[in-house]
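Notes for the structure review
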Amino acid sequence: MDLFLLNQKHTLTILKTHKRYNFITYLLNPASKSSFRCLQTIETSQNPYKEPFSSATTLPDSLLVEKIIFNLKHGNVNSLLSYQLRLNPSVIVDVLCRCNGNLQLGQRFIDSSVLNGSNFKHSSVSLSAMVHVFVRSRRLSDAQALILRMIRRSGVSRVEVVEALVSSMCGNCGTNNLVFDLLIRTYVQARKLREGTEAFRILRSKGYLVSINACNSLLGGLVKIDWVELAWEVHREVVRSGIELNVYTLNIMVNALCKDGKFDDVKSFLSEMEGNGIYADMVTYNTLIGAYCREGLLEEAFEIMNSMADKGLKPSLFTYNAIINGLCKKGRYARAKGILIEMLNIGLSPDTTTYNTLLVESCRRDNFSEAKEIFGEMLRQGVVPDLVSFSSLIAVFSRNRHLDQALVYFRDMKKFGLVPDNVVYTVLMHGYCRNGNMLEALKIRDEMLEQGCVLDVIAYNTILNGLCKEKMLTDADKLFDEMVERGALPDFYTFTTLIHGHCQDGNMTKALSLFGTMTQRNIKPDIVAYNTLIDGFCKVGEMEKASELWDGMISRKIFPNHITYGILINAYCSVGHVSEAFRLWDVMIEKGIKPTLVTCNTVIKGYCRSGDSSKADEFLGRMIAKGVAPDHISYNTLINGFVREDNMDKAFLWINKMEKEGLLPDIITYNVVMNGFCRQGRMQEAELVLRKMIEKGINPDRSTYTALINGHVTQDNLNEAFRFHDEMLQRGFAPDDVF
């Protein structure tokens, strides 16, 4: 034995000498690679866990795992970095399994080597192995980040994710159900509710339990996006699994029943839960009351609120806010305000939501004084208003052209430290546009941009509409170009506003160009867009183009309505093509489209203009038969038609019919008849009409006196002409002629 030890020491001495020799040789002759390789081999043989100098050397995975474990145990972090390029998913899993009894060791490996590795492609199993380490170490946010990475990998199924989590559990570390809870929660938070449901079912099929908290997370997520039926399927699976339910489960499923409108099923569900020892709480009652209020079932909501005392519960601020909101939606503002007073009387302090609900409703009703009163009460109670409060007030005053008052609230809002948003600025711009004050509207636009707000399509459309109404079409076109440049995509309203503006201006070429751009952008035109264009072409007398648009509209399966027919009927009547107008009338009636009074009056006017008042007479009878009641315009147009044909008897006949229908002749009716008599020189009858008109309490106007003066002049009765001339001056009317 002594001889063996002696020989061993001798060998080591020779090796050390040889090592020094080779090192010296290498220094003297660097070209001698064999010397260096020999030295490297000797050094490695003395420490099998030290990484060799050459990175080209490949090691089997089993030896690599051993080296990593050795360096981990000895805290050689720098040595671990040299292994990063050699790591693969299998090695990571093996190392972590070897470390399963020592969490600190596993974390050190992941933090120093795995997470710092660049461009390393993990498998689901390697990610899962790290998840288990982090969960057992209570580094749940790190674990969830890895789970999120797993479920977002393309082409990875829920089965693969679950299988990976199951297979990566090392033999002696046991099952940690928190991993599966975290998986379900991560699916919910990532809004992958269907995938989360599938993962839950796979876990249950494998016999793994998921906590009720994770189940509630999944159920709540499904109900929130209205996947109520799927939520009930998951609930049934939870019940079958024997997982102990709690009050959160109860409240989630009560909300599901309410969303489905199954209020009748709530009572039986609550009874079933009570049988399991789970009782409704304040959240349950508030959920029911809120649901009843949203559905307008206020009596039921009050009944639920009144029953809370029997359960030892008191209505909360949420309860009262739900009731006030429900009352306001049903238009019962006075009762809602009474609830506010009730709250104050019992010492419950209203919040911003309480006052905003009342404020929004009073503003919707355009009740300025009430809105100001609510806002004042809000401030007196020390409740701080928010953007909703101020935007409601600014909107109601802007909408009703009280811009000075709107600006007061706009300035007050800034004093409260609130920064105006897109809604507030757009509301103000809308107010200025309604008043036709485009200069101020554009100033608001500039301030909006200076404050860093991005003009959205609604803001642009608001200004475009104002510019088009003021016939500032050049500015509107420039704004449209700016809108496109800034990336605000024009919508249907943008194009129809500009098309209508150019049609009103008679620029049909531009209107048609915009229509083409609209269709190229796959924005489908509707009946309004076609009606606008057809009306525009009719007004400029291009009936052929109007007909082409009519045909194009029908080819797109967009069918004309009463407005479309009315536009064309009016256009044909205006150019004297009454027969074509009446043909369209017949088509409209055949298609079951009820004509409007405006369309009927257009046809009467067309017949009268073409000198065929008898047909207008006949048409008025058909119009009444169709259930369209004539108005003053209908009768006055027809009476004027007969007067122009000098058929005064017929004119008086229709005046009598008009009175029988309860429509008293107006100044226009009397002037039409009087003008007819004056034109015929029948001045006595004309003055009889004048006296009758005055007896009916209708004062003569400028047209009345002009007709009488002209009538007497044509009869050379200058004294009477001067008499009416003087009376006309006394009444403040300026005559056409100077006598």
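Structure: see above.
Now for a description of the structure that goes with this document. Predicted model, so just to flag it, every value in this text is computed and none were measured.

The rules behind the values
Residues numbered from 1 in each chain as written. Predicted model: local features only at pLDDT ≥ 70, side-chain atom pairs only at ≥ 80, totals over all residues. Heavy atoms only, no water. Helix = DSSP H or I, 4+ residues; strand = E, 2+ residues; numbered from the N terminus. Buried < 20%, exposed > 50% of the residue type's maximum accessible area, 1.4 Å probe, protein only. Contact = heavy atoms within 4.5 Å. Areas by Shrake-Rupley, 256 points an atom, 1.4 Å probe, with all protein chains shown as cover. Patch = residues over 30% accessible without salt bridge, like charges linked within 9 Å, V, L, I, M, F, W, Y side chains within 5 Å. Salt bridge = Lys/Arg side-chain N within 4 Å of Asp/Glu carboxyl O. Expected span 1.5 Å × (residues − 1). Polar contact = N/O pair within 3.5 Å; in protein donor to acceptor, adjacent residues only side chain to side chain. Phe/Tyr/Trp six-rings, centres within 6.5 Å; stacked < 30°, edge-to-face > 60°. Axes fitted to C-alpha atoms, helices over the stretch in contact; angles between N-to-C directions. Parallel < 35°, antiparallel > 145°, perpendicular 65-115°, else oblique. Nonpolar A, V, L, I, M, F, W, Y, C, P; charged D, E, K, R; others polar. Core = buried A, V, L, I, M, F, W, Y, C linked by side-chain atoms within 4.5 Å. 1 Å grid on protein atoms, 1.4 Å probe; cavity = no way out; pocket = protein on both sides within 12 Å on 5 of 7 lines; lining within 4 Å. Points joined across faces, edges and corners; volume = space filled by probe spheres on them.

**As for the overall build of the protein chain**
- Secondary structure assignment for the protein chain yields 41 helices and zero strands.
- Buried positions account for 45% of the 739 residues belonging to the protein chain.
- In the protein chain, of all internal contacts separated by at least 6 residues, the share reaching a separation of at least 24 is 60%.
- Of the roughly 38100 Å² that the protein chain leaves accessible, carbon and sulfur atoms contribute 51%.

**Side note on a nonpolar patch on the surface**
- A surface patch of nonpolar side chains, amounting to about 260 Å² of accessible area, comprises L379, V384 and F416.
- Tracing the backbone through its elements, the reader meets F416 in the loop between α23 (403–415) and α24 (422–434).
- Residue F416 is classed as partly exposed on the basis of its relative accessible area, which comes to 41%.

**Description of the pattern of salt bridges**
- Under the criterion given, the structure shown has 32 salt bridges.
- A salt bridge links R158 to E198, with the nearest nitrogen and oxygen atoms 3.3 Å apart. Placement of the pair is R158 in helix α9 (residues 158–167) and E198 in helix α11 (residues 193–205), with a sequence separation of 40 residues.
- Taking relative accessible area as the criterion, R158 reaches 23% and is therefore assigned partly exposed.
- E361 is paired through a salt bridge with R364; the nearest N and O atoms lie 2.8 Å apart. Highlighted residues: E361 and R364, both in helix α20 (residues 352–364), separated by three residues, approximately one helical turn.
- Classification of E361 by relative accessible area gives buried; the value is 6%.
- Relative accessible area serves as the criterion here: at 54%, R364 is assigned to the exposed category.
- Taken together, the salt bridges that share partners define one network made up of R445, D446, E482 and R486.

**A word on helix α30 (residues 527–539)**
- The end-to-end C-alpha separation of α30 is 18 Å, in line with the 18 Å expected for 13 residues at 1.5 Å each.
- With respect to burial, α30 is a largely interior element, 10 of its 13 residues being buried.
- Taken together, the buried positions of α30 are occupied by I527, A529, Y530, N531, T532, L533, I534, G536, F537 and C538.
- Where α30 is buried, its residues contact α28 (492–504), α29 (508–520), α31 (543–555) and α32 (562–574).
- If you check the start of α30, you find a side-chain oxygen 3.1 Å away from the backbone N of V528, and it comes from D526.
- Looking one or two residues past α30, G541 carries a phi angle of roughly 80°, positive in sign.

**Side note on the packing of aromatic side chains**
- Counted according to the given criterion, the structure contains 18 aromatic pairs.
- Between F397 and Y409 the ring centres are 5.7 Å apart and the planes differ by 15°, which places this aromatic pair in the stacked class. With F397 in helix α22 (residues 387–399) and Y409 in helix α23, this residue pair connects regions lying 12 residues apart in the sequence. A single burial state applies to F397 and to Y409, both of which are buried.
- Ring plane angle 65° and centroid distance 5.7 Å describe the contact between F480 and F495, whose orientation is recorded as edge-to-face. Linking F480 in helix α27 (residues 473–485) with F495 in helix α28, this pair joins segments that are 15 residues apart in sequence.

**Some remarks on helix α38 (residues 667–680)**
- Between its first and last C-alpha, α38 extends 20 Å over 14 residues, near the 20 Å set by a 1.5 Å rise per residue.
- Those residues of α38 lying buried are T669, Y670, N671, V672, V673, M674, G676, F677 and C678.
- Among the structural elements, α36 (632–644), α37 (648–660), α39 (683–695) and α40 (702–714) are those in contact with the buried residues of α38.

**Some details on the packing of helix α34 (residues 597–609) against α36**
- Between α34 and α36, the least distance of the axes is 9 Å, while the angle of their chain directions is 5°. Considered as vectors, α34 and α36 are oriented roughly parallel to each other. On the side of α34, the interface is formed by L597, N601, I604, K605 and C608, while α36 contributes I633, S634, T637, L638 and G641.
- Looking at the contact of α34 with α36 residue by residue, the classes come out as five nonpolar, four polar and one charged.

**Some points on the nonpolar core**
- Formed by 223 residues in total, the largest nonpolar core has its most connected members in L183 and I639.
- Those residues in contact with I639 that lie beyond four places of it in its chain are A651, W654, I655, M658, T669, V672 and V673.

**A look at the environment of E580**
- As for its position among the elements, E580 is in helix α33 (residues 578–590).
- A distance of 2.6 Å separates polar atoms of two side chains, one belonging to E580 and the other to R583.

**Some words on the side chain of S392**
- Locating S392 in the fold gives a position in helix α22.
- Looking at S392, its side chain comes within polar contact range of the main-chain oxygen of V388, at 2.7 Å.

**A few points about the environment of T714**
- Mapped onto the secondary structure, T714 falls in helix α40.
- A relative accessible area of 55% means that T714 is categorised as exposed.
- Taking the C-alpha atoms as reference points, T714 and G681, separated by 33 residues in sequence, lie 7.3 Å from one another.

**Some remarks on the layout of surface pockets**
- Its boundaries defined by the atoms lining it, the largest pocket holds a volume of some 490 Å³.
- Considering the residues around the largest pocket, the lining is formed by 18 residues, among which K267, L270, Y285, L288 and I304 are closest to the centre.
- With five residues, helix α15 (residues 266–275) is the single largest residue contributor to the lining of the largest pocket.
- Tallied by class, residues from the lining of the largest pocket come to nine nonpolar, three polar and six charged.
- Looking at the lining of the second largest pocket, the elements with two or more residues in it are α12 (212–224), α14 (247–259) and α16 (282–294).
- Sorting elements by how many residues they give to the lining of the second largest pocket places α12 first, with five residues.
- Looking at the lining of the second largest pocket residue by residue, the class counts come to six nonpolar, six polar and three charged.

**Some details on unusual backbone geometry**
- Of note, the phi angle at R138 is positive, near 65°, even though the residue is not glycine.
- Along the chain, the position of R138 falls in the loop between α7 (124–136) and α8 (140–151).
- Judged by relative accessible area, R138 falls into the exposed class, the value being 60%.
- Phi is positive for R191, which is not a glycine, with a value near 60°.
- Position of R191 among the secondary structure elements: in the loop between α10 (177–189) and α11.

**Things to note about the environment of I499**
- With respect to the element layout, I499 can be found in helix α28.
- Separated by 19 residues in the primary sequence, I499 and M518 place their C-alpha atoms 10.0 Å from one another.
- Once residues within four sequence positions are removed from consideration, I499 is found in contact with A511, L514, F515, M518, T532 and L533.

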